[in-house]
Structure formats: structure tokens, C-alpha cells
Amino acid sequence: MSAPDPAASEFAAVGSAIRIEDLHKSFGANEVLKGISLDVAPHEVICLIGASGSGKSTLLRCINLLEPISSGRIWLLGQEATGEGVDPNRVRRQVGIVFQSFNLFPHMTVLRNVTLAPVKALHIPKPAAEQAARELLDRFGLIDKQDEYPDRLSGGQQQRVAIVRALAMQPQVMLLDEVTSALDPELVAEVLDVIRELASGGMTMLIATHEMGFARDIANRVCFLEEGRIIEEAPPAELFSNPSDDRTRRFLRRIVEAGRM
Amino acid sequence: MSDEQGGHQPGFAGTDPLMQSVPPGQSLGTGWQVPGAFGTAGRGPKLLGGGGGRRATAISTISTVLVLAGLVAIFLLAPGSAQVRHTFFNPQDMWQSFIGNPRKGYYSIGIAIWLNIRMFLAAEVLILALALVIALIRQSISPVLFPLRVLAMIYVDFFRGVPLLLVIYAIGFGIPALRLPFVSYQSMAVYGVAALTLSYSAYVSEVYRAGLNSVPRSQVAAGRSLGLSQGTAMRYVILPQAVRNVIPPLLNDFISLQKDTALVGVLGAIEANNAAQIYASTTFNYSSFTVAAILFLILTIPLARFTDRLIDRDRRRRLAGVGR
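First, a word on scope: everything that follows refers to the structure included in this document. Being a predicted model, the structure only gives us computed values, none of them experimental.

### Details of the interface of chain B and chain A
So, step 1. With 18 residues of chain B at the interface, the matching set in chain A holds 18 residues.
So, step 2. At the level of secondary structure, the elements contributing two or more residues to the side of chain B that touches chain A comprise α9 (217-225) and α10 (230-260) of chain B.
So, step 3. Looking at side-chain class alone, the side of chain B that touches chain A contains eight nonpolar, seven polar and three charged residues.

What follows is the structure in C-alpha cells.
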């Protein structure tokens, strides 16, 4: 790959929701991301597939600046998030992330889970934040749970609350990190429905997932990751039915054999 | 009523397998003891000797009565029994030492214990605050705070290593000897509270630290990912969970603190233990110490039972699958 011209990438970043350029990330001697470059257009939905340990989660955590990167550059909405003197909190407020294990705050009611960040980070007055939170909870069928604590909810409900919590910050981009992997099979659908609704509302999303059927349905593009590199990226119809790379083909065959597609 | 004993506690039915996989007395992750075969707290599942319903209750009642009766018999039949009863359990002396008599040169233990209570309450508030500051400093990661972290570590090492009694002596006799304005002219109870605070804050800061470490890192990530600053995430997300996790060990330290207020008596403050001492050396009867012991028990037992209940409740909540 030729060295990217900084001015050119600056220009290209203006039109992208997310632009990642030659991103490397190591944990000690272990290089997890070995040069990822990716452009996500506004309103685009991209699914990241690949075996566990291929770097999907790390990539999402790097975009959210939860992990310091080793080298490379990331632009969010035309601004460099990895630049000098960038306040990571401001970046994170524009990028919602939802984790595999929900990570709701167990000592707060559903409503407080959702309003905490808008009130404490965006300084929205509490009544207004609660009003907005109730509207979101209502939209996703959770309004009757607003006063419950997370441990009283099913996994699917908890994950939907986690999505609502991220949405309450009115992010421009959502990162979903295997959000259905910790759920019982019968609870997966309700969470996927929420994501579908977000996609139809035009939300820009990067989704790491093992749900191949879902990826085929919802993604504009699918990226196959292996050992910290994007091996292949293509529209889902093409990637799933006619993968061009041997490694993609092998991965998909294993998925089919496991009965997951 | 007893025949539905087995069925009406669904929470326990589910917890048993897990309980059995944890050896009695072993920690369940957050640092306090799981009530095991012995000393099973309150209404927890009994691992030994439980399950027989009415018959078990009868057996345990009978065995308790027999053991107690045996101990009382040994006490009463001992060769020196009459003497011990007169010296340590004389009702007359117990009452006299309780109400006190300034004209005869001794103080009321009933009033003196009030000083213990006040010292305890003052020290408790100060300890909770100081220990939290120390714990937060020790947990900080900013390079700017490195010197403070070293100081905090030295502080904890020092005050955990030096006997409380020596700290009380050092503060109580050392500070007045400095003849500084104001600070050198306080009452002995104030120096006592200062010494208790210094010593206990070292322990309690470690309890806090264990609590902070018990909150999963994913909670930090969740808070930060929403754009909360480090401080805001600490205050609203991490700290409340951390404190909740360590309430039982905190209360345990405070039970200990309640009775350690007696050590301040060495400075001459008229607290319960010292009042009892004065009575004993005035009348040559030690029943006053029994009075002091009873008063301390009355103070500590309610807190101890309350702690047990919290531990119990917490374990049930934990085993119900809340904390992941």
C-alpha cells in the first residue's frame, strides 16, 4: 500500500461518518489490529464478521477511544479523533457503543441508567432528560420498565435498555459489539428488531456480529476480519454467496457447518 | 407450619449447589467470609445440622440448654466460685459503679459510656471521609499524583503496623507537649478521636480499595463510553457500587472501633473502661468491669446483628445472579 497523502485523506474524511486509516493496535507484544483501513459513509450500516479474536471488538473499542491506539488515524464526522489535544469525552458523546454484556449500571433504575450521561455529561436539565428518555423507552417498548432495576429485566430487555442508554446521548454513530452473543436464543430477535429500526431510521452503524442471517439482511457492506486485517469487504449478497478470498470461504463454510447460517 | 419449610424459600433452593461448591469460610470474591458450617449468619442456609424441621429445632434447643447448664454448673461448683461471684458479679457493686458516686471518688460508668459513644460517632465520620480520600489517591493513575500515592502508601503501611495503643499515647502526650496554639490544648477525648481516626483510616482505606477493585472494569468502560469524565464516572458509577460491596466489612471495622474507644482511657479521659478501673481501684471490687463489658456488648451486638443481616441479604442477591 502506498503512503496515504495526508491532505487527500483529510479531504476524504469530510464526507465520511467514520474514516479509519492504517490502524494498528497492540496489547504488549500481541498485535491485534494489523493495519485496518475503512470508510463508513453517513447512514451506512457495516457488519464486521470473523472468528473470535479476529479484532472486531478491539476495532470498535479503538473507534470509541476506549483503547489507546498504537498507530494510525481515525476521523469521526470529519474531525480527527486521534489528533493531539482532542477531548476523548467529546468524541465519545458522539459515538454510542453497546457491549456484549450490556454493562447497565446495576445500582440505578432503568430511567436513571438512561438519563445519567445526558444530565451529567451534556448538562441537560433533569426533567428534559427524563422526558427524552421516556420517549425513547416508549419507542422501544420499555416504558413500563422505567423504574425497575436491571437485575429484574431479561437479557433482551437489558440489552434494549443499553441501546436506549447509548441513543439518549443522540450519537451520530452507533457501534454494536456482538450485542446478541450473551442472549438466550429466544431473546435475540427483540434486540435485532431494535437494530433494524435504527437502521431504517438512518443511523450510521458498525456492527460486530455472529448473526450471519442478520448481517445479510441489514448490512450495506460486510467486512470479514481475520487476524487483525480486513480480508474482504463487499455487499452482503456478494460476500456471502460468492466470496473472493479463500479465507472468507473457509470461515463461511465453518459457519454453515455449525448450523449458524 | 413446619411442613412447608422446605418449599417456601425458592431463593435458597437455587443457592444450595453454589454454596456447596464454595468451602465454608472461603471468600466469594469480594473479601468477606461466607457464613459456612459454623457461625451461619441468621437465616442463611444451614449446611450442617439443618433440614430436620421440628425435630431439629427440639434437638438444638435441648443441646443449647445442656451446654449452658454445664457451663453454669462448672462456674458455680468451682472451688473459688463464691469469691469470683463476689469480686466480679456483685450486684451491689455493679449498681454502684453504674450510677457512680463523686463523693466517694468514682465516676458513673453509665455516664462515662456516653463519651465512648461520642468518640465513636465522631471518629466514624472522620474515618469514612479520610479513608475514602486515601483509597482514591491510591487508586489514581495520573502521573501527577505519584508523590501523593507514595505518601498514601507509607501512611497505610505505618498506621496498620503501629499498635493503636502507641498511636494514642503518641498523639495524646505528644501533641500537648508541642505547646502549639489551639491544637495542643484540646481534651484527651479529642486526641483519642484523632488517634482512632489515623489508625482506623489506614484499615478502612484498604476496605474501600477492595470495594473499588470489586467493581468490574466493564462498568468503567460503560461509563466512559457514554462520555462521562473520569471523576463523574467514579462518583456516580463506580463509587456507589464499590461502597455497597464493602458495607459488611466496613461495619465490621466499626464494631471493632466501638470497643477500641476504651483504649482512649489510657490518656485519662473518663470513658467507660477508665471509670470501671477507677471504681475497682477505689473499692477493690472488679464488678465495675463487668458493667463496662455489658455496656459495650449492648453497643456492639445490635451492629453485629445488623451486619449479619446485610451480609445475608447481599449473598442472596449475589446468588440470585445479579452481579455479573
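### Details of the nonpolar core
So, step 1. A:L48, A:L175, A:L176, A:M205, A:L206, B:I109 and B:A272 are the most contacted members of the largest nonpolar core, which totals 137 residues.
So, step 2. Counting residues per element, this core draws most heavily on helix α8 (residues 188-214) of chain B, which supplies 14 residues.
So, step 3. Other than its neighbours up to four places away in sequence, B:A272 contacts B:I109, B:A112, B:I113, B:N116, B:A262, B:A292 and B:L295.

### Some thoughts on the packing of helix α5 (residues 109-139) of chain B against helix α11 (residues 272-283) of chain B
Residues and elements named next belong to chain B.
So, step 1. Where α5 meets α11, the axes come as close as 7 Å, and the angle between the chain directions of the two elements is 150 degrees. Put simply, α5 runs roughly antiparallel to α11. For the pair α5 and α11, contact is made by I109, A112, I113 and N116 and by A272, A275 and A276, respectively.
So, step 2. Taken together, the residues of the contact of α5 with α11 break down into six nonpolar, one polar and no charged.

### Describing the sheet that holds strand β5 (residues 79-80) of chain A
Residue and element names in this part refer to chain A.
So, step 1. Across the sheet, which stays open at both edges, the four strands sit in the order β2-β1-β4-β5 with antiparallel pairing between neighbours. Pairing within the sheet leaves two strands with one partner each, and these edge strands are β2 (30-40) and β5.
So, step 2. In this structure, strand β1 (residues 18-27) lies alongside strand β4 (residues 71-76), joined through five bridges in antiparallel fashion. Considered in β4, the bridge of H24 is made with S71.

Each value, and the rule that gives it
Residues numbered from 1 in each chain as written. Chains lettered and ligands numbered in written order. Predicted model: local features only at pLDDT ≥ 70, side-chain atom pairs only at ≥ 80, totals over all residues. Contact = placed C-beta atoms within 7 Å. Helix = DSSP H or I, 4+ residues; strand = E, 2+ residues; numbered from the N terminus. Nonpolar A, V, L, I, M, F, W, Y, C, P; charged D, E, K, R; others polar. Core = buried A, V, L, I, M, F, W, Y, C linked by C-beta atoms within 7 Å. Buried ≥ 20, exposed ≤ 12 C-beta atoms within 10 Å, placed from the backbone. Axes fitted to C-alpha atoms, helices over the stretch in contact; angles between N-to-C directions. Parallel < 35°, antiparallel > 145°, perpendicular 65-115°, else oblique. Pairing = 2+ DSSP bridges.

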